[in-house]
Structures are given as C-alpha cells and as structure tokens.
Amino acid sequence: MSFLELKNITKRYGPLTAVGDVSLSVEKGEFVSLLGPSGCGKTTTLQMIAGFVEPSAGTIRLDGRDITRAKANSRGLGIVFQSYALFPHMTVFDNVSFGLEMQRVPKGERKPRVEEALSLVHLSPYAKRYPRELSGGQRQRVALARALVIRPPVLLLDEPLSNLDAKLREAMQFELREIQRKVGTTTVMVTHDQAEAFSISDRVVVMEAGRITQIDQPYRIYEHPETEFISRFVGKTNLLPGKVVTATGAGATVSLAGIAVPVEAAGLSVGETVTLCIRPEKLHLTVPADGLLTGRVADRFFLGSQWLYHIDGPLGTLMVVTANDGSTPAEPGATVGLEWSPSVVRVHRGAMAEAPDVALEVTG
Amino acid sequence: MSATVPDTAPASPDEETHERRFPTAPLFLSAPAALLFAALVLIPLFLTALLSFNQFDYATGRTSGFTLEHYLSVLTDEYYLEIFLRTFRISALATAICVVIGVPEAYILSRMSNPWRSIFLLVILAPLLVSVVVRAFGWSMLLGPEGPVNAALMAFGIGRMRLLYTEGTVIVALVHVMLPFMVIPVWTSLQKLDPAVEQAALSFGASRGTAIVRVVAPQILPGILSGSLIVFGLSASAFAIPGLLGGRRLKMVATVVYDQYLSDLNWPMGAAVAALLLIANLIVMLTYHRLVEGHYRRRLG
Ligand SMILES: Nc1ncnc2c1ncn2[C@@H]1O[C@H](COP(=O)(O)OP(=O)(O)O)[C@@H](O)[C@H]1O
Ligand SMILES: [Mg+2]
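Remember, it's a predicted structure, so these values are computed and weren't measured experimentally.

Rules of the game
- Residues numbered from 1 in each chain as written.
- Chains lettered and ligands numbered in written order.
- Predicted model: local features only at pLDDT ≥ 70, side-chain atom pairs only at ≥ 80, totals over all residues.
- Heavy atoms only, no water.
- Helix = DSSP H or I, 4+ residues; strand = E, 2+ residues; numbered from the N terminus.
- Contact = heavy atoms within 4.5 Å.
- Areas by Shrake-Rupley, 256 points an atom, 1.4 Å probe, with all protein chains shown as cover.
- Lys, Arg positive; Asp, Glu negative; His and termini not counted.
- Charge placed at Lys NZ, Arg CZ, Asp CG, Glu CD.
- Pairing = 2+ DSSP bridges.
- Axes fitted to C-alpha atoms, helices over the stretch in contact; angles between N-to-C directions.
- UniProt positions renumbered as here; feature names shortened; annotations may be inferred.
- 1 Å grid on protein atoms, 1.4 Å probe; cavity = no way out; pocket = protein on both sides within 12 Å on 5 of 7 lines; lining within 4 Å.
- Points joined across faces, edges and corners; volume = space filled by probe spheres on them.
- Nonpolar A, V, L, I, M, F, W, Y, C, P; charged D, E, K, R; others polar.
- Parallel < 35°, antiparallel > 145°, perpendicular 65-115°, else oblique.
- Buried area = accessible area lost by both parts, 1.4 Å probe.
- Salt bridge = Lys/Arg side-chain N within 4 Å of Asp/Glu carboxyl O.
- Polar contact = N/O pair within 3.5 Å; in protein donor to acceptor, adjacent residues only side chain to side chain.
- Buried < 20%, exposed > 50% of the residue type's maximum accessible area, 1.4 Å probe, protein only.
- Disulfide = S-S within 2.5 Å.
- Patch = residues over 30% accessible without salt bridge, like charges linked within 9 Å, V, L, I, M, F, W, Y side chains within 5 Å.
- Phe/Tyr/Trp six-rings, centres within 6.5 Å; stacked < 30°, edge-to-face > 60°.
- Lys NZ or Arg CZ within 6 Å of the ring centre and 35° of its normal.
- Domains from an automatic or database assignment.

Re the overall build of chain A
If you tally the helices and strands in chain A, you get nine helices and 20 strands. Principal axes of the C-alpha set define a box for chain A whose edges measure 75 × 50 × 35 Å. Within chain A, counting contacts between residues at least 6 apart in sequence, those at least 24 apart form 66% of the total. Of the roughly 16000 Å² that chain A leaves accessible, carbon and sulfur atoms contribute 51%. Separation of charge centres in chain A, based on 39 positive and 39 negative side chains, amounts to 9 Å.

Next comes the structure, spelled out in structure tokens:
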C-alpha cells in the first residue's frame, strides 16, 4: 500500500471546481512533482494535503491513516511555502527550533537537531541572523531546514524555487534533490516549471484545469505525452494536422498536406483525423535531396549549446533544434532537407486545437 | 560670502548632478509644508510658552513680565498633581482597554471575508463621523439618573447607581471614542502580514492560540505601538469627554486649562499647565516608544 494516498479529491469554490477528482499514490521516499500552468489547482491540492483547505469530496490517507478531516496542526507535515513564510521576528535558529518546541522536544535535544538541520542546508554560520538579513536563497534554505528538522513523514514544497534567480534556481534544484535523497523524506513538490519538475522528480503529475492528465516518469512525459496539451506545455513541439491514409497493425501512414509520413501507432483507422507531434530536436537538417521534405531557413537563433531554426516548408513553419557541435550552422535563406525517424513521431487522435489555452479548456 | 564645497563625497554621481544644478530644490520643495506647520503648530506653541512665563494680576487681569511662579505653583500644588496623576491614570487605562479590545477586533476583522469585512470596518469607523460632543451627550443620557441603564438597574431591583461623573464612565467613553484609532493601525499591520506565516506556525504543530501569541502578535507590535501612542496622546489631552462626563469635580488636565483660561481668566496659568501637559505627554510617549520599539527594531526593520 502506498504511503500517501489521495483518492478522488475534489475542491469546489462555489461554481468553480479548483481541483476535480484527483487520485494519486505516493510511495515512501518518493519525490513527486505536481506540474501544471498557473491556476490549475496545484497549490489547492497541496493545501488539502497540508490541511489548510478542506476537500469537498474524497479521502487522503497517510501511512494507512485517514487524515482527510484532521487539523493542520495535528498532521506533523513539513511545509515549505512559496513565500517561505519565515517568522520575521525570530532568528534563523529560533525559526528552525520552533517546530521542535511545538513538539515538546526537550531543550537539550533541540539544539543539536537544529544545528544538524542548519548544517544540512549549509547555513550553520547564519544561526543568529534574522530572516531579513539573509538573501533569497538563504531564506529558502532556512524554510527547508525548518520543515525537515521535525522529521516529517511527508515534505510539501510549494514552488520552492520560484522566487530565486535562474542561476541560483538551477543550483538549488540539485541541492534540494541531494538533501531529499540524504534524508529520504517522501516529498510532494508543486511547480509550474517543467525543467524543475523533470530534473529532480521520480515521477511527475501533470495537472490541467484541476485534473490530472498524466502521471509518469519525467522522460516518459516528455517522450510520450498523452495529450496534445502536455506536448505543448512540456518543452517545444511541432504540431502537424493530418489524415490517416493507410493503417497496418502497428503502423500507419499519415498524409500531411499531401506528403505521406510513416508513423508507429496502433489502432488507427483509415480516414481518421490526427495530429502529429515532433520535438524540434528530433528533426535533423540534411542536404535537400536526402530529406523527407525540404524547406527554407527562415530564421535562426543561437541558444549557446544549441541552434534553433525556423524552417518554412510545405507544412508551414517548423522548429528545429540542433546541437552546437562546432560545425557551420545553416544560413538564413538556405534550402535544407528535413528528416526524422518514424519512432519519434507521436500521434494524437483528433483535430489540432487552435491554441494552448483552448486545449486546456477542451481537455479540462 | 562664498559658497563652500561640501567635503563629503556625494552618494552617487546622479545625486551629485542634482545637487549641483538645484542646490536649493529640497528647501523650496519642503517650504510650503514647513510654513504651514510653523504657522499652525509652532507659532501657537511658542506663543503659549511665552505666555506661561508672564506675570498675572488678578485685579486688572493684565499679563506682563517674566516669572516662573505658575510652573512652581503647578508643580507644588497637590491639587494639580492629583489632576495630572488622574489624567495619566485614566489615559493609561483607556489605552490598555483599547489594546485589549481593539487588537482582537482588528484580528477578527482581518480574518473576515469580503462583504462582511467592509461592513464591519464601516461600523468601526462610523463613530468618527459623529462629533465627540454628541457622543459624550449620548453617554450622559444613557448613564444619567433617569437614563435607560439606571431604569434597567431599578427594574432588576438593584437600585439606582451614580454612574455619571465617575472615572469609570470617563474611561468607558474614552475607549468608545478612541477605539478606531487603535483598530486602524493594528488592522493595517495585519494587512501587511503574510497569511502563510500563521499557516506555517500551525503546520509545525502550534495551536491557534500559540500561533497568535508567538507569531502574529510580535509582528503587529508596531501597529499596537502606534495605536497606543495615538490613543494615549488623545486621551491625555481629551477635553469634551471629561468636560461632559467628569463634571465639575472630576477634572482632567485639559479641563483645568480650559477653566484657567475662561473661568479664572488666568491665561499664563492655563498656558503653564498646557505646557506641562505637553512635556509630560512627550516624556511618557517617548519612553514607551523607546521601550517597545527598541526591542523590536532589529527584527522587524
Ligand atoms: N480561496 C479560494 N477561493 C476561491 N477560489 C480559489 C481559492 N483558492 C484558489 N482558488 C481558485 O482555484 C484555482 C486553482 O488555484 P491554485 O490551486 O492556487 O492554482 P495553482 O497553484 O496551480 O496556480 C484558481 O482558479 C483559483 O482562482
Ligand atoms: Mg500556486
């Protein structure tokens, strides 16, 4: 049986369903991220686990115990708030010590535990400072130490890195994961940043308009997004509308504006409208004669480790990403060929939605 | 006279060019406010201070010369001393009661959701729209020998009580008038509070009461402090409430000043009492401010 279990959790605010029918099982020691655009109900879900928001329906179980209606201050979970919510009138030491004090841990035992937590987040020299005398990254780590010191069964993180600048955010991602591995605490993190979710989670839960649309390992979500919305939300993608012209068991041929493209997908029927998704880095530039189709380089952008091309062709404008391996990049205006392997093409049944936010409504 | 170059380096090149081009700009810009302040506050204060050193002749009512006799007689007369003590006692009690009532009131207000919050905020502020004099009359009718309170006491067989012209009544009326001045600053500092901070306390196992005492209260202390200073200052110099509800016997400093000016026509004496009230008020408030704020400056910034 799983350690933390959400079963058909729903939260309604009047007519608005902020979270609808969410079911999720988290194993002991696992790091799970809730990923989704702003307003999709991630915080609300986390707050229901924390006990600050009461679910309209459904049950939450922790280690076999039903905690759905338990008070927040009886759950003993460790929470890192988006704003960190440090106690501004207490020193770093007192902030971290607060949870132990509330658990009536004897004074003599508190000090070594606080010191241990502070050294875990590399803040030992700052114990006597007040929160406003710390940088954003340091405050974030105080919040983490404060949540971990009580040795909670589950650690809840609400966009823990979103207030940090890009460089620090990346460094903290790895540090966060390292700390979590070291202490082995079951962790649920909320984020709208896919890179953050992918780099540190065991599993990612994609949420869309209050519902879960996919739960999977990070690379599976990227490579096999179950909905068109996910393929758009998670990384860049080329979406191509087409029609199935032949279907044979495990494969099919799809006609894209008259060009026949082989795909690997079972269960399609001839005449069906489909949308193909191809990640930009799965497309390769070739000499015109070798390509499955040809196009003209409309624009190119230098991203440091990569080049991003916009290629105008018979299918409209396609994005192509190539590694900057030191070879000469294609010039704007040049005619190039495009090729890809049939196995990298994802097929979604049905017509293409107009824009990501429309997709959000349709699938939600 | 030649202009001297300031020898301290300006903070930034930007400021430097500003200072070079418009050296007198800050003076000009603050002049209107400074003049208004001088005309409305400093000059009357200065004239009052001057007046308090004048000699007074009871026969002719004329004032002239220089003397410290008014200050000496106020400071040595038991009668005045008692009035000063009573004034500060009443003000301190009214302030304490305002803290006890106003802080929870502001907290509850800040926890309300919107239609109710606006309505109750209005209810709290509405009394400010009615003149203090009218409200004082209201209290005197309510608590008078023939008022509804005494009628109720009679009906319950307790018997008529003398409610008017007691310290208790003055304090109750002062609390009524001053409460908004406590609620508003506390409410403002509660608004600035991150609600997640209280949630954080709860998540670490604190009870609601502990969260309020250990986490919320220390953070709204600056609001409580400024509310207390306003309430104390206004109470100590209150005139209408003690004048109407304290009667002839239960005087406070402001009513004594009034009497000196208008009944005894001893203006220098009135001025001396007023000056002493100002000084005493300043000492009490600055001490309080020092004690409380000094304690919390480093933490809350
Ligand atoms: N207390 C509340 N009252 C009414 N609506 C709310 C409340 N809290 C959240 N919502 C709504 O629920 C939806 C989900 O919010 P939230 O969980 O904060 O999203 P996320 O954290 O994914 O950005 C939003 O549309 C938001 O407006
Ligand atoms: Mg959120």
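Quick word on the sheet that holds strand β11 (residues 238–248) of chain A
All names here are of chain A. One open sheet accounts for five strands, arranged β13-β12-β11-β14-β20; its pairing is antiparallel. Either end of the sheet is taken by a strand with one partner, and the two such strands are β13 (259–263) and β20 (346–349). Taken pair by pair, the neighbouring strands of this sheet meet at an average axis angle of 40°, ignoring direction. For β11 and strand β14 (residues 273–278), the ladder comprises six bridges, and the chain directions are antiparallel. Across the sheet, residue Lys243 finds its bridge partner in β14, namely Thr273.

Quick word on the UniProt feature "transmembrane region" (unreviewed entry) in chain B
All names here are of chain B. With numbering aligned to this structure, UniProt lists the feature "transmembrane region" (unreviewed entry) at residues 27–53, 88–107, 119–143, 163–184, 224–245 and 265–288. A helix fraction of 96% and a strand fraction of 0% characterise residues 27–53, whose end C-alpha atoms lie 34 Å from each other. Secondary structure content for residues 88–107 is 100% helix and 0% strand, and the end C-alpha separation is 28 Å.

Some points on the pairing of β13(A)
Residue and element names in this part refer to chain A. As paired elements, strand β12 (residues 251–256) and β13 share five bridges and run antiparallel to each other. Its bridge partner being in β13, Thr253 is matched across the sheet by Pro262. Following β12, the chain reverses through two residues before pairing antiparallel with β13; Ala257 in that reversal takes a positive phi of roughly 45°.

Side note on the layout of surface pockets
Taken as a whole, the second largest pocket encloses approximately 350 Å³ of empty space. As for the second largest pocket, its lining consists of Gly51(A), Phe52(A), Lys71(A), Ala72(A), Asn73(A), Arg111(B), Pro195(B), Glu198(B), Gln199(B), Leu202(B) and Arg208(B). The element that contributes the greatest number of residues to the lining of the second largest pocket is helix α9 (residues 195–203) of chain B, accounting for four residues. Across the lining of the second largest pocket, the residue classes break down as four nonpolar, three polar and four charged.

Considerations on the packing of helix α3 (residues 69–76) of chain B against helix α4 (residues 78–111) of chain B
Residue and element names in this part refer to chain B. Contact geometry for α3 and α4: axes closest at 5 Å, N-to-C directions at 70°. It follows that α3 is roughly perpendicular to α4 by the angle criterion. Every residue of α4 that contacts α3 at Ser73, Val74, Leu75 and Thr76 is listed here: Glu78, Tyr80, Leu81 and Phe84. Of the residues contributing to the contact of α3 with α4, the split by class is five nonpolar, two polar and one charged.

Regarding the interface of chain B and chain A
Counting residues at the interface gives 23 residues for chain B, matched by 25 residues for chain A. When chain B packs against chain A, close to 2100 Å² is buried across both sides, 61% of that on carbon and sulfur atoms. Linking chain B to chain A there are one salt bridge. As a salt-bridge pair, Glu101(A) and Arg214(B) come within 2.7 Å of each other at their nearest N and O atoms. Seen at the junction of chain B and chain A, the total is four residue pairs in polar contact (both at pLDDT 80 or more).

Some words on the pattern of salt bridges
Under the criterion given, the structure shown has 24 salt bridges over all chains. For Glu281(A), the salt bridge is made with Lys282(A), and the minimal N-O distance between the two is 3.4 Å. A relative accessible area of 17% places Lys282(A) in the buried class. A salt bridge links Glu82(B) to Arg86(B); the shortest N-O distance between them is 3.0 Å. Linking Glu82(B) with Arg86(B), this pair stays in helix α4, spanning four residues, or about one helical turn. With relative accessibility at 47%, the residue Glu82(B) sits in the partly exposed group.

A short note on the state of the cysteines
Disulfides are covalent bonds that connect the sulfur atoms of two cysteines. All names here are of chain A. Overall, the coordinates contain zero disulfides over all chains when judged by the stated rule. Just so you know, Cys40 is unpaired, no disulfide at all, and the nearest cysteine sulfur is the one on Cys277, 20 Å from it. According to the relative accessible area criterion, Cys277 is buried, its value standing at 4%.

Some remarks on a nonpolar patch on the surface
Residues and elements named next belong to chain B. A contiguous nonpolar surface patch, about 850 Å² in accessible area, is contributed by Leu36, Phe37, Leu40, Val41, Leu42, Leu45, Leu278, Leu282 and Leu286. Breaking the nonpolar patch down by element, the ones donating at least two residues are α2 (25–52) and α13 (267–300). The dominant element in the nonpolar patch, judged by the number of residues it contributes, is α2, at six residues. Along the polypeptide, Phe37 turns up in helix α2.

Section: the packing of aromatic side chains
Counted under the stated rule, the structure contains 13 aromatic pairs over all chains. Taking the centre distance of 5.3 Å and the plane angle of 25° together, the rings of Phe53(B) and Phe66(B) count as stacked. Of this pair, Phe53(B) sits in the loop between α2 and β1 (55–56) while Phe66(B) sits in the loop between β2 (63–64) and α3, and the two are 13 residues apart along the sequence. Residue Phe66(B) is classed as exposed on the basis of its relative accessible area of 57%. On the basis of an interplanar angle of 15° and a centroid distance of 5.7 Å, the ring pair of Phe88(B) and Phe232(B) is categorised as stacked. Of the two residues, Phe88(B) is situated in helix α4 and Phe232(B) in helix α10 (residues 208–236); the sequence distance between them amounts to 144 residues. Each member of the pair, Phe88(B) as well as Phe232(B), is classed as buried. One aromatic cluster in this structure is built from Phe302(A), Trp307(A) and Tyr309(A). Across the ring face of Phe87(A), the terminal group of Arg146(A) is positioned such that the distance to the ring centre comes to 4.7 Å. Sitting above the plane of the Tyr222(A) ring, Arg279(A) keeps its charged end 4.0 Å from the centroid.

Observations concerning empty space enclosed by the protein
Over the atoms, a rolled probe matching the size of one water molecule traces out where space is still vacant. Residues and elements named next belong to chain A. Tallied over the full model, the rule gives three cavities of 30 Å³ or more. Empty space within the largest cavity amounts to approximately 60 Å³. Together, Tyr222, Glu223, Pro225, Ser231, Thr237, Cys277, Ile278, Arg279, Lys282, Val344 and Arg346 line the largest cavity. The residue makeup of the lining of the largest cavity includes at least three contributed by each of domain 1 (4–228) and domain 2 (236–353). Considered as a void within the structure, the second largest cavity measures approximately 50 Å³ in volume. Lining the second largest cavity, in full, are Leu46, Gln47, Ala50, Phe52, Ile79, Val80, Phe81, Leu156 and Asp158. Every element with two or more residues in the lining of the second largest cavity is listed here: α1 (42–50), β6 (78–80) and β7 (154–158). Counting residues per element, the lining of the second largest cavity draws most heavily on α1, at three residues. Its residues placed into classes, the lining of the second largest cavity shows seven nonpolar, one polar and one charged.

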